[in-house]
Amino acid sequence: MSSVSAMNGNAIINDAGRVATIVSAAQYQADVIIVGGGIMGSAAAFFLRQRGRSVILLERGLLGQQASGTNFGNVRRQGRNLLQIPLANRSLDIWRKLPQLIGEDVEFLPSGHMRVCYGTERLGMFEDYALRARELGLDLEIFSGKQLRERFPFLGPQIGGGSYSPLDGHANPRLAAPAFGRAAARAGAQIFENTEVDEVEKDGEDFRATATDGRVFRAPAVLIAAGAWANRLSSSFGESVNLVAHGPQMGVTEPVPYGLKTVIGVSASNDLETLYFRQIPRGNIIFGGGNRGPAYPDLKRAYVRPENTLNQLYQLQRIAPALRQLNLLRVWSGIESYLPDDLPIMGTSTKEPGLHYAFGFCGAGFQLGPGVGDVMAELIDTGSTVTPIEAFSIRRFFREDFVARALQR
Ligand SMILES: Cc1cc2nc3c(=O)[nH]c(=O)nc-3n(C[C@H](O)[C@H](O)[C@H](O)COP(=O)(O)OP(=O)(O)OC[C@H]3O[C@@H](n4cnc5c(N)ncnc54)[C@H](O)[C@@H]3O)c2cc1C
(Lines give C-alpha, C1' and ligand atoms only; values in the text may rest on other atoms or scores of the structure.)
Protein backbone atom coordinates (compact mmCIF):
# COMPACT_ATOMS: atom_id res chain seq x y z
CA MET A 1 0.00 0.00 0.00
CA SER A 2 1.48 3.35 -0.91
CA SER A 3 2.04 5.92 1.77
CA VAL A 4 2.94 9.49 1.10
CA SER A 5 5.39 11.05 3.53
CA ALA A 6 5.77 14.74 4.28
CA MET A 7 8.51 14.94 6.84
CA ASN A 8 9.30 18.44 8.10
CA GLY A 9 12.87 19.33 9.02
CA ASN A 10 14.37 22.49 10.54
CA ALA A 11 17.88 23.52 9.43
CA ILE A 12 20.12 25.00 12.16
CA ILE A 13 23.87 25.83 12.54
CA ASN A 14 25.36 23.62 15.26
CA ASP A 15 28.31 24.36 17.60
CA ALA A 16 30.80 23.05 15.05
CA GLY A 17 29.49 25.55 12.53
CA ARG A 18 27.92 22.87 10.38
CA VAL A 19 24.41 22.85 9.06
CA ALA A 20 22.48 20.15 10.76
CA THR A 21 18.93 19.06 10.29
CA ILE A 22 16.69 18.42 13.23
CA VAL A 23 13.92 16.23 12.08
CA SER A 24 11.01 17.24 14.19
CA ALA A 25 8.29 14.63 14.78
CA ALA A 26 6.96 14.00 11.31
CA GLN A 27 3.79 15.96 10.61
CA TYR A 28 1.11 15.15 8.09
CA GLN A 29 -1.89 17.32 7.23
CA ALA A 30 -5.15 16.65 5.39
CA ASP A 31 -8.83 17.60 5.40
CA VAL A 32 -9.84 14.38 7.13
CA ILE A 33 -8.09 11.75 9.27
CA ILE A 34 -9.66 8.30 9.39
CA VAL A 35 -8.65 5.96 12.19
CA GLY A 36 -9.18 2.32 11.18
CA GLY A 37 -8.78 0.64 7.81
CA GLY A 38 -11.60 -1.88 7.87
CA ILE A 39 -14.31 -1.70 5.24
CA MET A 40 -15.82 1.42 6.88
CA GLY A 41 -12.60 3.42 6.97
CA SER A 42 -11.36 2.26 3.55
CA ALA A 43 -14.68 2.97 1.83
CA ALA A 44 -14.94 6.37 3.55
CA ALA A 45 -11.42 7.24 2.33
CA PHE A 46 -12.42 6.35 -1.23
CA PHE A 47 -15.64 8.37 -1.18
CA LEU A 48 -13.99 11.37 0.47
CA ARG A 49 -11.44 11.42 -2.37
CA GLN A 50 -14.34 11.27 -4.83
CA ARG A 51 -15.57 14.47 -3.21
CA GLY A 52 -12.16 16.07 -3.55
CA ARG A 53 -11.28 15.94 0.15
CA SER A 54 -7.69 15.13 1.12
CA VAL A 55 -7.57 12.08 3.38
CA ILE A 56 -5.15 10.36 5.74
CA LEU A 57 -6.14 6.79 6.65
CA LEU A 58 -4.34 5.25 9.63
CA GLU A 59 -4.49 1.48 10.15
CA ARG A 60 -2.74 -0.32 12.99
CA GLY A 61 -2.19 -3.51 10.98
CA LEU A 62 -3.12 -4.12 7.36
CA LEU A 63 -6.27 -2.93 5.63
CA GLY A 64 -9.18 -5.33 6.15
CA GLN A 65 -7.27 -7.56 8.52
CA GLN A 66 -9.87 -7.61 11.29
CA ALA A 67 -13.67 -8.14 11.11
CA SER A 68 -13.85 -6.79 7.55
CA GLY A 69 -11.56 -9.52 6.27
CA THR A 70 -12.61 -12.44 8.45
CA ASN A 71 -16.38 -12.27 8.07
CA PHE A 72 -18.80 -14.64 6.35
CA GLY A 73 -19.36 -12.44 3.31
CA ASN A 74 -23.12 -12.06 3.48
CA VAL A 75 -24.36 -9.08 1.47
CA ARG A 76 -27.79 -9.35 3.02
CA ARG A 77 -30.41 -6.66 3.59
CA GLN A 78 -33.35 -8.77 4.77
CA GLY A 79 -33.64 -9.57 8.45
CA ARG A 80 -32.06 -6.28 9.49
CA ASN A 81 -33.71 -3.81 11.79
CA LEU A 82 -35.86 -1.80 9.35
CA LEU A 83 -34.08 1.39 10.44
CA GLN A 84 -31.06 0.10 8.51
CA ILE A 85 -32.83 -0.61 5.21
CA PRO A 86 -32.30 2.81 3.54
CA LEU A 87 -28.58 2.57 4.36
CA ALA A 88 -28.46 -1.08 3.22
CA ASN A 89 -30.18 -0.11 -0.06
CA ARG A 90 -27.64 2.63 -0.68
CA SER A 91 -24.90 0.13 0.02
CA LEU A 92 -26.35 -2.47 -2.34
CA ASP A 93 -26.39 0.10 -5.15
CA ILE A 94 -22.65 0.53 -4.61
CA TRP A 95 -21.94 -3.23 -4.37
CA ARG A 96 -23.62 -3.65 -7.76
CA LYS A 97 -21.33 -1.18 -9.50
CA LEU A 98 -18.11 -1.85 -7.54
CA PRO A 99 -15.91 -3.15 -10.38
CA GLN A 100 -16.57 -0.01 -12.43
CA LEU A 101 -16.29 2.25 -9.40
CA ILE A 102 -13.09 0.97 -7.79
CA GLY A 103 -11.57 -0.92 -10.71
CA GLU A 104 -11.48 -4.29 -8.94
CA ASP A 105 -13.78 -7.29 -8.68
CA VAL A 106 -14.47 -8.30 -5.08
CA GLU A 107 -16.54 -11.33 -6.14
CA PHE A 108 -19.92 -9.82 -5.34
CA LEU A 109 -22.59 -12.23 -6.59
CA PRO A 110 -26.19 -10.97 -6.33
CA SER A 111 -27.38 -14.56 -6.25
CA GLY A 112 -30.25 -14.17 -3.78
CA HIS A 113 -30.65 -14.66 -0.04
CA MET A 114 -33.19 -17.04 1.51
CA ARG A 115 -34.14 -16.66 5.18
CA VAL A 116 -35.73 -19.92 6.26
CA CYS A 117 -37.46 -21.18 9.41
CA TYR A 118 -38.20 -24.51 11.02
CA GLY A 119 -41.93 -25.30 10.87
CA THR A 120 -44.29 -22.55 9.81
CA GLU A 121 -44.62 -20.50 13.01
CA ARG A 122 -42.38 -17.67 11.85
CA LEU A 123 -44.00 -17.30 8.44
CA GLY A 124 -46.42 -14.65 9.78
CA MET A 125 -43.43 -12.68 11.02
CA PHE A 126 -41.72 -13.01 7.61
CA GLU A 127 -44.87 -11.74 5.87
CA ASP A 128 -45.22 -8.79 8.22
CA TYR A 129 -41.52 -7.91 7.74
CA ALA A 130 -41.89 -8.20 3.94
CA LEU A 131 -44.84 -5.77 3.94
CA ARG A 132 -42.91 -3.16 5.89
CA ALA A 133 -39.67 -3.74 3.99
CA ARG A 134 -41.43 -3.21 0.64
CA GLU A 135 -42.35 0.33 1.71
CA LEU A 136 -38.62 0.93 2.18
CA GLY A 137 -37.67 -0.45 -1.24
CA LEU A 138 -36.75 -4.03 -0.28
CA ASP A 139 -38.83 -6.61 -2.19
CA LEU A 140 -39.14 -10.06 -0.65
CA GLU A 141 -41.00 -13.20 -1.76
CA ILE A 142 -42.44 -15.65 0.79
CA PHE A 143 -42.16 -19.36 0.02
CA SER A 144 -43.87 -22.32 1.72
CA GLY A 145 -45.35 -25.72 0.93
CA LYS A 146 -45.03 -27.05 -2.64
CA GLN A 147 -43.50 -23.85 -4.00
CA LEU A 148 -40.74 -24.02 -1.39
CA ARG A 149 -39.92 -27.66 -2.25
CA GLU A 150 -39.91 -26.98 -6.00
CA ARG A 151 -37.75 -23.91 -5.82
CA PHE A 152 -35.33 -25.07 -3.06
CA PRO A 153 -35.38 -28.91 -3.30
CA PHE A 154 -32.20 -29.28 -1.24
CA LEU A 155 -33.84 -27.97 1.97
CA GLY A 156 -34.47 -30.55 4.72
CA PRO A 157 -38.01 -31.67 5.68
CA GLN A 158 -38.04 -29.64 8.92
CA ILE A 159 -37.76 -26.35 7.02
CA GLY A 160 -41.30 -24.99 6.69
CA GLY A 161 -40.85 -21.79 4.72
CA GLY A 162 -38.72 -18.84 3.90
CA SER A 163 -38.40 -15.27 2.74
CA TYR A 164 -36.40 -14.76 -0.47
CA SER A 165 -34.53 -11.58 -1.34
CA PRO A 166 -33.52 -11.88 -5.01
CA LEU A 167 -31.06 -8.98 -5.14
CA ASP A 168 -29.01 -9.82 -2.03
CA GLY A 169 -26.01 -12.12 -2.26
CA HIS A 170 -22.43 -12.52 -1.13
CA ALA A 171 -18.90 -11.22 -1.73
CA ASN A 172 -15.34 -12.06 -0.77
CA PRO A 173 -14.42 -10.32 2.50
CA ARG A 174 -10.70 -10.93 1.96
CA LEU A 175 -10.84 -8.64 -1.07
CA ALA A 176 -13.28 -5.85 -0.29
CA ALA A 177 -11.56 -3.48 2.19
CA PRO A 178 -8.08 -3.69 0.60
CA ALA A 179 -9.66 -3.03 -2.82
CA PHE A 180 -11.35 0.11 -1.47
CA GLY A 181 -8.03 1.12 0.09
CA ARG A 182 -6.11 0.65 -3.16
CA ALA A 183 -8.75 2.65 -5.05
CA ALA A 184 -8.56 5.42 -2.44
CA ALA A 185 -4.74 5.46 -2.69
CA ARG A 186 -4.90 5.63 -6.50
CA ALA A 187 -7.24 8.60 -6.09
CA GLY A 188 -4.71 10.32 -3.83
CA ALA A 189 -5.55 9.24 -0.27
CA GLN A 190 -2.54 8.89 2.04
CA ILE A 191 -2.77 5.40 3.51
CA PHE A 192 -0.55 4.44 6.42
CA GLU A 193 -0.63 0.77 7.39
CA ASN A 194 1.21 -0.53 10.46
CA THR A 195 0.38 2.79 12.10
CA GLU A 196 -1.38 2.59 15.44
CA VAL A 197 -3.06 5.73 16.72
CA ASP A 198 -2.25 6.25 20.36
CA GLU A 199 -4.44 9.29 20.92
CA VAL A 200 -6.60 11.82 19.15
CA GLU A 201 -6.85 15.29 20.68
CA LYS A 202 -8.22 18.69 19.76
CA ASP A 203 -5.43 21.15 19.06
CA GLY A 204 -6.61 24.60 18.03
CA GLU A 205 -8.71 24.32 14.87
CA ASP A 206 -7.38 20.86 14.12
CA PHE A 207 -7.45 17.38 15.57
CA ARG A 208 -4.06 15.89 16.25
CA ALA A 209 -3.69 12.10 15.95
CA THR A 210 -0.45 10.79 17.41
CA ALA A 211 0.84 7.39 16.38
CA THR A 212 2.59 5.11 18.85
CA ASP A 213 5.87 5.76 17.00
CA GLY A 214 5.49 9.53 17.50
CA ARG A 215 4.30 10.57 14.05
CA VAL A 216 1.68 13.30 14.19
CA PHE A 217 -1.27 13.71 11.81
CA ARG A 218 -3.48 16.79 11.70
CA ALA A 219 -6.86 17.57 10.17
CA PRO A 220 -9.95 19.63 10.99
CA ALA A 221 -12.14 16.52 10.76
CA VAL A 222 -11.71 12.98 12.11
CA LEU A 223 -13.60 9.76 11.52
CA ILE A 224 -13.19 7.05 14.15
CA ALA A 225 -13.80 3.77 12.30
CA ALA A 226 -11.78 1.58 14.63
CA GLY A 227 -14.20 -1.34 15.02
CA ALA A 228 -13.96 -3.16 18.35
CA TRP A 229 -11.22 -0.75 19.44
CA ALA A 230 -13.18 2.47 18.89
CA ASN A 231 -14.42 2.98 22.42
CA ARG A 232 -10.98 3.88 23.77
CA LEU A 233 -10.85 6.79 21.31
CA SER A 234 -14.46 7.95 21.77
CA SER A 235 -13.99 7.73 25.57
CA SER A 236 -11.16 10.24 25.38
CA PHE A 237 -13.79 12.73 24.18
CA GLY A 238 -16.17 11.81 27.02
CA GLU A 239 -18.28 9.48 24.87
CA SER A 240 -17.77 6.06 26.38
CA VAL A 241 -20.23 3.39 25.24
CA ASN A 242 -20.90 -0.20 26.22
CA LEU A 243 -19.10 -1.79 23.25
CA VAL A 244 -18.47 -5.50 23.72
CA ALA A 245 -16.55 -7.91 21.50
CA HIS A 246 -17.57 -11.40 20.39
CA GLY A 247 -16.21 -13.83 17.84
CA PRO A 248 -18.77 -15.21 15.38
CA GLN A 249 -17.57 -18.66 14.32
CA MET A 250 -17.02 -19.66 10.71
CA GLY A 251 -16.04 -22.83 8.86
CA VAL A 252 -15.38 -23.98 5.30
CA THR A 253 -15.84 -27.45 3.80
CA GLU A 254 -14.05 -29.24 1.01
CA PRO A 255 -15.24 -28.21 -2.49
CA VAL A 256 -18.09 -29.98 -4.29
CA PRO A 257 -19.61 -29.15 -7.71
CA TYR A 258 -21.10 -25.66 -7.73
CA GLY A 259 -24.88 -25.72 -7.62
CA LEU A 260 -26.09 -23.79 -4.58
CA LYS A 261 -26.27 -20.17 -5.66
CA THR A 262 -28.58 -18.81 -2.95
CA VAL A 263 -27.24 -17.80 0.46
CA ILE A 264 -29.29 -19.59 3.13
CA GLY A 265 -29.79 -18.39 6.72
CA VAL A 266 -32.04 -19.74 9.46
CA SER A 267 -34.18 -17.38 11.52
CA ALA A 268 -34.92 -18.89 14.95
CA SER A 269 -35.41 -17.80 18.55
CA ASN A 270 -32.89 -20.43 19.66
CA ASP A 271 -29.39 -19.08 18.83
CA LEU A 272 -28.07 -22.61 18.33
CA GLU A 273 -30.30 -22.98 15.26
CA THR A 274 -29.29 -19.75 13.51
CA LEU A 275 -26.91 -21.27 10.97
CA TYR A 276 -26.15 -19.64 7.62
CA PHE A 277 -24.17 -20.89 4.63
CA ARG A 278 -23.20 -20.15 1.04
CA GLN A 279 -21.34 -21.95 -1.70
CA ILE A 280 -18.63 -20.15 -3.63
CA PRO A 281 -18.07 -20.90 -7.32
CA ARG A 282 -14.86 -22.76 -6.41
CA GLY A 283 -17.20 -25.26 -4.71
CA ASN A 284 -16.52 -24.88 -0.99
CA ILE A 285 -19.41 -24.34 1.43
CA ILE A 286 -18.75 -21.55 3.92
CA PHE A 287 -20.90 -21.50 7.05
CA GLY A 288 -21.36 -19.53 10.25
CA GLY A 289 -23.90 -18.89 12.97
CA GLY A 290 -24.95 -20.48 16.24
CA ASN A 291 -23.17 -19.50 19.44
CA ARG A 292 -20.31 -17.05 19.15
CA GLY A 293 -16.88 -17.64 20.64
CA PRO A 294 -14.80 -15.39 22.90
CA ALA A 295 -12.97 -12.38 21.42
CA TYR A 296 -10.19 -10.37 23.02
CA PRO A 297 -9.58 -7.04 21.27
CA ASP A 298 -6.47 -6.27 23.37
CA LEU A 299 -4.84 -9.52 22.24
CA LYS A 300 -6.27 -9.19 18.71
CA ARG A 301 -7.54 -12.75 19.01
CA ALA A 302 -10.91 -14.48 18.67
CA TYR A 303 -11.11 -18.18 19.46
CA VAL A 304 -13.14 -21.01 17.99
CA ARG A 305 -14.96 -23.27 20.45
CA PRO A 306 -15.04 -26.85 19.09
CA GLU A 307 -18.50 -27.51 20.57
CA ASN A 308 -19.86 -24.58 18.53
CA THR A 309 -18.37 -26.07 15.36
CA LEU A 310 -19.95 -29.45 16.13
CA ASN A 311 -23.32 -27.76 16.55
CA GLN A 312 -22.85 -25.90 13.26
CA LEU A 313 -22.18 -29.16 11.42
CA TYR A 314 -25.29 -30.70 13.01
CA GLN A 315 -27.42 -27.69 12.00
CA LEU A 316 -25.97 -27.69 8.47
CA GLN A 317 -27.20 -31.21 7.74
CA ARG A 318 -30.61 -30.41 9.27
CA ILE A 319 -31.08 -27.57 6.77
CA ALA A 320 -29.50 -29.29 3.77
CA PRO A 321 -29.14 -33.06 4.33
CA ALA A 322 -27.05 -33.47 1.16
CA LEU A 323 -24.19 -31.60 2.85
CA ARG A 324 -23.91 -34.25 5.58
CA GLN A 325 -20.91 -36.04 4.05
CA LEU A 326 -18.66 -33.02 3.56
CA ASN A 327 -15.27 -32.79 5.24
CA LEU A 328 -14.40 -29.67 7.15
CA LEU A 329 -11.24 -27.91 5.95
CA ARG A 330 -10.81 -24.95 8.27
CA VAL A 331 -12.48 -22.95 11.03
CA TRP A 332 -11.89 -19.36 12.11
CA SER A 333 -13.37 -16.42 13.93
CA GLY A 334 -12.95 -12.64 14.02
CA ILE A 335 -13.38 -9.76 16.44
CA GLU A 336 -16.70 -7.98 16.04
CA SER A 337 -18.11 -5.24 18.28
CA TYR A 338 -21.68 -5.12 19.56
CA LEU A 339 -23.81 -2.45 21.22
CA PRO A 340 -26.70 -3.06 23.64
CA ASP A 341 -29.45 -2.24 21.12
CA ASP A 342 -27.84 -4.11 18.20
CA LEU A 343 -27.59 -0.92 16.14
CA PRO A 344 -24.32 0.71 15.02
CA ILE A 345 -22.94 4.10 15.96
CA MET A 346 -22.78 6.47 12.98
CA GLY A 347 -22.73 10.23 12.77
CA THR A 348 -21.19 13.17 14.57
CA SER A 349 -19.88 13.38 18.11
CA THR A 350 -22.12 15.17 20.58
CA LYS A 351 -19.07 16.70 22.25
CA GLU A 352 -16.64 17.87 19.59
CA PRO A 353 -17.52 19.48 16.24
CA GLY A 354 -15.57 17.81 13.42
CA LEU A 355 -15.39 14.45 15.20
CA HIS A 356 -17.31 11.60 13.53
CA TYR A 357 -17.97 7.96 14.35
CA ALA A 358 -18.76 4.78 12.40
CA PHE A 359 -18.32 1.66 14.53
CA GLY A 360 -20.13 -1.12 16.41
CA PHE A 361 -21.83 -2.86 13.49
CA CYS A 362 -23.08 -5.79 15.61
CA GLY A 363 -22.24 -8.63 13.23
CA ALA A 364 -23.80 -7.13 10.12
CA GLY A 365 -21.50 -4.36 8.88
CA PHE A 366 -19.98 -6.01 5.80
CA GLN A 367 -23.06 -5.43 3.64
CA LEU A 368 -23.36 -1.88 4.99
CA GLY A 369 -19.67 -1.03 4.48
CA PRO A 370 -19.74 0.70 1.08
CA GLY A 371 -22.89 2.62 2.05
CA VAL A 372 -21.40 3.65 5.39
CA GLY A 373 -18.30 4.95 3.62
CA ASP A 374 -20.43 6.92 1.16
CA VAL A 375 -22.74 8.33 3.85
CA MET A 376 -19.89 9.31 6.18
CA ALA A 377 -18.07 11.01 3.30
CA GLU A 378 -21.25 12.93 2.45
CA LEU A 379 -21.77 13.89 6.11
CA ILE A 380 -18.18 15.08 6.56
CA ASP A 381 -18.19 16.92 3.23
CA THR A 382 -21.60 18.62 3.42
CA GLY A 383 -22.65 18.48 7.08
CA SER A 384 -25.69 16.30 6.36
CA THR A 385 -26.73 13.14 4.54
CA VAL A 386 -29.78 12.19 2.49
CA THR A 387 -29.83 8.70 4.06
CA PRO A 388 -31.43 8.68 7.53
CA ILE A 389 -28.87 7.76 10.21
CA GLU A 390 -30.18 9.74 13.19
CA ALA A 391 -31.24 6.49 14.93
CA PHE A 392 -27.57 5.46 15.00
CA SER A 393 -26.28 8.60 16.72
CA ILE A 394 -24.04 8.06 19.74
CA ARG A 395 -26.37 10.55 21.42
CA ARG A 396 -28.88 7.77 22.12
CA PHE A 397 -26.61 6.27 24.78
CA PHE A 398 -26.56 9.49 26.73
CA ARG A 399 -30.31 10.10 26.77
CA GLU A 400 -31.80 9.65 30.24
CA ASP A 401 -34.49 7.19 29.11
CA PHE A 402 -31.91 4.90 27.47
CA VAL A 403 -29.59 4.97 30.48
CA ALA A 404 -32.51 4.20 32.82
CA ARG A 405 -33.54 1.20 30.70
CA ALA A 406 -29.97 -0.08 30.61
CA LEU A 407 -29.68 0.18 34.41
CA GLN A 408 -32.86 -1.88 34.82
CA ARG A 409 -31.52 -4.75 32.74
C1 LIG B 1 -16.57 -13.74 11.82
C2 LIG B 1 -17.46 -12.61 11.40
C3 LIG B 1 -18.50 -12.84 10.49
C4 LIG B 1 -19.29 -11.76 10.04
N5 LIG B 1 -20.19 -11.97 9.01
C6 LIG B 1 -20.79 -10.90 8.43
C7 LIG B 1 -21.59 -11.06 7.27
O8 LIG B 1 -21.68 -12.15 6.71
N9 LIG B 1 -22.22 -9.98 6.74
C10 LIG B 1 -22.12 -8.74 7.32
O11 LIG B 1 -22.74 -7.80 6.83
N12 LIG B 1 -21.32 -8.54 8.41
C13 LIG B 1 -20.65 -9.58 8.96
N14 LIG B 1 -19.82 -9.40 10.03
C15 LIG B 1 -19.66 -8.06 10.57
C16 LIG B 1 -18.70 -7.23 9.72
O17 LIG B 1 -17.56 -7.99 9.36
C18 LIG B 1 -18.27 -6.00 10.52
O19 LIG B 1 -19.43 -5.34 11.03
C20 LIG B 1 -17.50 -5.00 9.68
O21 LIG B 1 -16.47 -5.65 8.97
C22 LIG B 1 -16.94 -3.91 10.58
O23 LIG B 1 -16.06 -3.13 9.82
P24 LIG B 1 -15.18 -2.02 10.54
O25 LIG B 1 -14.40 -1.35 9.48
O26 LIG B 1 -16.08 -1.20 11.41
O27 LIG B 1 -14.26 -2.83 11.57
P28 LIG B 1 -12.90 -3.65 11.37
O29 LIG B 1 -12.91 -4.44 10.13
O30 LIG B 1 -12.66 -4.37 12.65
O31 LIG B 1 -11.83 -2.52 11.16
C32 LIG B 1 -11.41 -1.66 12.20
C33 LIG B 1 -9.94 -1.40 11.97
O34 LIG B 1 -9.50 -0.40 12.87
C35 LIG B 1 -8.15 -0.68 13.17
N36 LIG B 1 -7.80 0.02 14.41
C37 LIG B 1 -8.35 -0.15 15.63
N38 LIG B 1 -7.79 0.68 16.51
C39 LIG B 1 -6.85 1.39 15.83
C40 LIG B 1 -5.91 2.39 16.21
N41 LIG B 1 -5.84 2.83 17.48
N42 LIG B 1 -5.09 2.90 15.27
C43 LIG B 1 -5.15 2.45 13.98
N44 LIG B 1 -6.02 1.50 13.58
C45 LIG B 1 -6.86 0.98 14.50
C46 LIG B 1 -8.12 -2.19 13.31
O47 LIG B 1 -6.82 -2.71 13.18
C48 LIG B 1 -9.09 -2.62 12.22
O49 LIG B 1 -8.42 -2.98 11.02
C50 LIG B 1 -19.06 -10.46 10.56
C51 LIG B 1 -18.04 -10.25 11.50
C52 LIG B 1 -17.23 -11.30 11.91
C53 LIG B 1 -16.12 -11.04 12.88
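The preceding data block contains the structure.
What you see is a predicted model; the values in this text were computed from it and never measured. (Residues numbered from 1 in each chain as written. Predicted model: local features only at pLDDT ≥ 70, side-chain atom pairs only at ≥ 80, totals over all residues. Heavy atoms only, no water.)

Participant: Just to check I follow, could you spell out the site of the ligand for this structure?
Facilitator: Around the ligand lies a shell of 36 residues, among which Glu59, Ser68, Asn74, Val197 and Glu336 are the nearest. A distance of 3.0 Å separates a nitrogen atom of the ligand from a polar backbone atom of Arg60. Asn71 is positioned with one of its side-chain polar atoms (N or O) 3.2 Å from an oxygen atom of the ligand. A total of 1,000 Å² of accessible area belongs to the ligand in isolation, and the protein chains cover 98% of it. Every element with two or more residues in the shell around the ligand is listed here: α1 (39-50), α2 (67-70) and α10 (365-382). Tallied by class, residues from the shell around the ligand come to 16 nonpolar, 15 polar and 5 charged. (Near = heavy atom within 4 Å. Polar contact = N/O pair within 3.5 Å; in protein donor to acceptor, adjacent residues only side chain to side chain. Areas by Shrake-Rupley, 256 points an atom, 1.4 Å probe, with all protein chains shown as cover. Helix = DSSP H or I, 4+ residues; strand = E, 2+ residues; numbered from the N terminus. Nonpolar A, V, L, I, M, F, W, Y, C, P; charged D, E, K, R; others polar.)

Participant: I tried to follow the layout of surface pockets on my own but got confused; where do I start?
Facilitator: Using a probe with the size of a water molecule, rolled over the atoms, empty space left in the structure can be pinpointed. Taken as a whole, the second largest pocket holds about 420 Å³ of empty space. Along its surface, the second largest pocket is lined by 20 residues, and Asn172, Arg174, Arg278, Arg282 and Ile286 are the ones closest to its centre. When residues of the lining of the second largest pocket are traced back to their parent elements, those giving at least two are α2, α7 (173-186) and β23 (328-333). Its residues assigned to classes, the lining of the second largest pocket comprises 9 nonpolar, 6 polar and 5 charged. (1 Å grid on protein atoms, 1.4 Å probe; cavity = no way out; pocket = protein on both sides within 12 Å on 5 of 7 lines; lining within 4 Å. Points joined across faces, edges and corners; volume = space filled by probe spheres on them.)

Participant: Where do I start with helix α5 (residues 123-135) in this structure?
Facilitator: The periodicity of an α-helix, 3.6 residues per turn, causes residues three or four positions apart to be oriented the same way. Helix length check: α5, at 13 residues, gives a terminal C-alpha distance of 19 Å against a target of 18 Å (1.5 Å per residue), a fit within 8%. Listing the buried residues of α5 in full gives Leu123, Phe126, Tyr129, Ala130 and Ala133. One side of α5 carries all its buried residues, which in axial view fall inside an arc of 115 degrees. Turned more than 90 degrees off the buried face of α5, the exposed positions are Leu131 and Glu135. Those residues of α5 that are buried are in contact with α3 (85-96), β7 (113-118), β8 (141-144) and β9 (159-165). Immediately downstream of α5, the backbone of Gly137 shows phi near 95 degrees, a positive value. (Expected span 1.5 Å × (residues − 1). Buried < 20%, exposed > 50% of the residue type's maximum accessible area, 1.4 Å probe, protein only. Arc of directions from axis to C-beta. Contact = heavy atoms within 4.5 Å.)

Participant: Just to check I follow, could you spell out the packing of α1 against α10 for this structure?
Facilitator: A pair of packed helices is captured by two measures, namely the crossing angle of their axes and the spacing between those axes. The contact between α1 and α10 brings their axes to 7 Å, and the two run at 40 degrees. Relative to α10, α1 is oriented oblique. The element α1 and its partner α10 pack so that their crossing is right-handed. Judged by residue contacts, Ile39, Met40, Ala43, Ala44, Phe47 and Leu48 of α1 engage Gly365, Phe366, Gly369, Pro370, Val372, Gly373, Asp374, Ala377 and Ile380 from α10. For the contact of α1 with α10, a count of residues per class yields 11 nonpolar, 3 polar and 1 charged. (Axes fitted to C-alpha atoms, helices over the stretch in contact; angles between N-to-C directions. Parallel < 35°, antiparallel > 145°, perpendicular 65-115°, else oblique. Left-handed = near helix turned anticlockwise from the far one by under 90°.)

Participant: Hey, could you run me through the sheet that holds strand β21 (residues 293-296) in this one?
Facilitator: Hydrogen bonds between backbone atoms are what pair the strands of a sheet, whose relative direction is either parallel or antiparallel. The sheet built from 4 strands is open, its strands ordered β22-β21-β16-β24 with antiparallel pairing. Two strands close off the open sheet at either side, each with one partner strand: β22 (301-302) and β24 (336-338). Pairing of strand β16 (residues 244-247) with β21, which is carried by 2 bridges, proceeds in the antiparallel orientation. Paired with Gly247 across the bridge in β21 is Gly293. (Pairing = 2+ DSSP bridges.)

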